Each structure stands twice: as structure tokens, then as C-alpha cells.
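If you want the building blocks of each chain, they are given just below.
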Amino acid sequence: MKSITRRQSDVFNFIKLYLEEHGYPPTRRNITDEFGFKSPNAAEEHLRALDKKGYIELRRNTSRGIIIKDTRSGHLPIVGRVAAGSPILAEEHIEKNSTVSGSIFDPAADYLLRVQGESMTGIGIYDGDLLAVHKTQLARDNQIVVARLDDEVTVKRFKHDHENREIHLIPENSEYRTIRVHERSPDLQIEGISVGLIRMRI
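Calculation notes
Residues numbered from 1 in each chain as written. Predicted model: local features only at pLDDT ≥ 70, side-chain atom pairs only at ≥ 80, totals over all residues. Heavy atoms only, no water. Helix = DSSP H or I, 4+ residues; strand = E, 2+ residues; numbered from the N terminus. Expected span 1.5 Å × (residues − 1). Buried < 20%, exposed > 50% of the residue type's maximum accessible area, 1.4 Å probe, protein only. Arc of directions from axis to C-beta. Contact = heavy atoms within 4.5 Å. Pairing = 2+ DSSP bridges. Patch = residues over 30% accessible without salt bridge, like charges linked within 9 Å, V, L, I, M, F, W, Y side chains within 5 Å. Areas by Shrake-Rupley, 256 points an atom, 1.4 Å probe, with all protein chains shown as cover. Salt bridge = Lys/Arg side-chain N within 4 Å of Asp/Glu carboxyl O. Lys, Arg positive; Asp, Glu negative; His and termini not counted. Charge placed at Lys NZ, Arg CZ, Asp CG, Glu CD.

Relative to the 24 Å expected for 17 residues at 1.5 Å per residue, helix H1 (residues 6–22) spans 24 Å between its end C-alpha atoms, a close match to the ideal helical length. Every buried residue of H1 is listed here: Gln8, Val11, Phe12, Phe14, Ile15, Tyr18 and Leu19. Each buried residue of H1 sits inside an arc of 160° when the element is viewed along its axis, so together they form one side. Exposed residues pointing more than 90 degrees away from the buried face of H1 are listed as Arg6 and Glu21.

Before going further, it helps to examine helix H2 (residues 28–35). Owing to its 3.6 residues per turn, the α-helix brings residues three or four apart onto one side. Looking only at H2, the buried set comprises Arg28, Ile31 and Thr32. Along the axis of H2, the buried positions cluster into a sector of 100°, meaning they face one direction only. Tucked inside the fold, the buried residues of H2 contact H1, helix H3 (40–52), strand E1 (56–58) and strand E2 (66–68). Gly36 sits one or two positions beyond H2 and adopts a positive phi of about 70°.

Let us look at the pairing of strand E11 (residues 188–198). Where burial is concerned, most of E11 is hidden: eight out of the eleven residues are buried. As defined by bridge partners, strand E6 (residues 130–135) adjoins E11 across six bridges and the pair is classed as antiparallel. Paired with Val133 across the bridge in E11 is Ser194. The pairing of strand E7 (residues 144–149) with E11 spans five bridges and is classified as antiparallel. Within the sheet, the bridge partner assigned to Val145 lies in E11 and is Ile193.

This paragraph deals with a negative patch on the surface. Residues Asp150, Asp151, Glu152 and Asp187 make up a contiguous surface patch of negative charge. The residue Glu152 is located in strand E8 (residues 152–161) in this model.

Glancing now at the pattern of salt bridges. For the structure on display, the rule yields nine salt bridges. Close ionic contact of Asp10 with Arg7 constitutes a salt bridge, the shortest N to O distance being 3.9 Å. Placement of the pair is Asp10 and Arg7 together in helix H1, with a separation of three residues, close to one helical turn. Given a relative accessible area of 36%, Arg7 falls into the partly exposed group. Between Glu172 and Arg157 there is a salt bridge, with the nearest N and O atoms lying 2.7 Å from each other. Taken together, the residues span a long stretch of sequence, with Glu172 in the loop between strand E9 (166–170) and strand E10 (179–182) and Arg157 in strand E8 at a distance of 15 residues. The class of Glu172 is partly exposed, set by a relative accessible area of 22%. Overall, Arg157 belongs to the buried group, its relative accessible area being 18%. Overlapping salt bridges bring together Arg28, Glu44 and Arg48 as one network.

Any functional reading would require information beyond the geometric quantities listed.
Below, the structure is given as C-alpha cells:
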């Protein structure tokens, strides 16, 4: 992968942060405003350079057509059981690196989480499967999320009950109960969203 200038690196990092915070890429105008460019043409030049050097892919004829490419040579870490209170991507949780590229998912995956338990079997997610996860703290209704609750990591369907100001973590197995947490509870943290599933053992 070709090297990029400091300003191109700044733009690239802004795109990643914007995508994580909002769930979709920035427009040229968003980039222009962030860096004080005189016109969106300057933003477009940086985007084209990042595209040419392999950091992003530009989709034509759309204002938010920016796709982050996997810059780690396609070796997603496989995360096993996560110890309470410790970061998911801590070294002790990584079983090994896969040969799977995060860029085959949209948005790109940051790691593969080995599923524990049977709470999501109703939608074909089984114990031992590898869930491709895009790191973000934001989730939309009905997305499958990786959530940390009371220091335990779980995979569930996300639902925001605005009326009761609750977050519902919904299993896809009738033998399990929906977890209900106040929307402002410090005990709940969204770690990422599912962007794919791998059944083959890696």
C-alpha cells in the first residue's frame, strides 16, 4: 500500500471517525467544513488520492459513496471468550489471526467474534460461529449487536424503546429472555454491530 501525506492521513482518520459516530460516511461538504478547505474540490482531490493509493473506494454519483478498505492485509483477529471488564481486542482474547479480509464486509469488519451460547439460533447464529463485527458504539433498531452488560459480552438484537427509555437486547431463541436496560445505564455499552457470519471453522 502506497504512503500518504499527513493531510491525507488526517482526512482518512476523519472519515473513519465520522463513519463510527454516524453509521455512514461524510459528504465532501462535511470534509470541507472539518478542515476549512476553500471548496469541496479540495476534499475531492484528497479522496481521489486516497482511492488511488488503496485506502478507500469511491462510489460514483453519490455524495456519501466512500468505502473504507481494509488496510491490515486481510488478517482479522479471531476473538474468543472475553474476560469481564477487559477490552474485546486485548491480546489474551485473540485466538489467532484469520485469512479473512475485513473489506469483504460492508461496513468493513474489525474482528471476528466466536459466538458463545445458543441465544441467537433462531436466525442461524450458533455456538462456535464467527461473527464479523464492525466496531461502533451506535446501533439502529433490529441490528445484531455485540453488547457489554455488567462486564459480560453478549450478542443480541438491538431495540430502542423510546417510550419507556429502555434498550432491549432481544434473543432469537424462545428459551431466553429479553434483557431490558435503561437507555442511560452505565452498565450497557455497544461494542459493535454484526456485518456478517462465518460458519467455517478457521
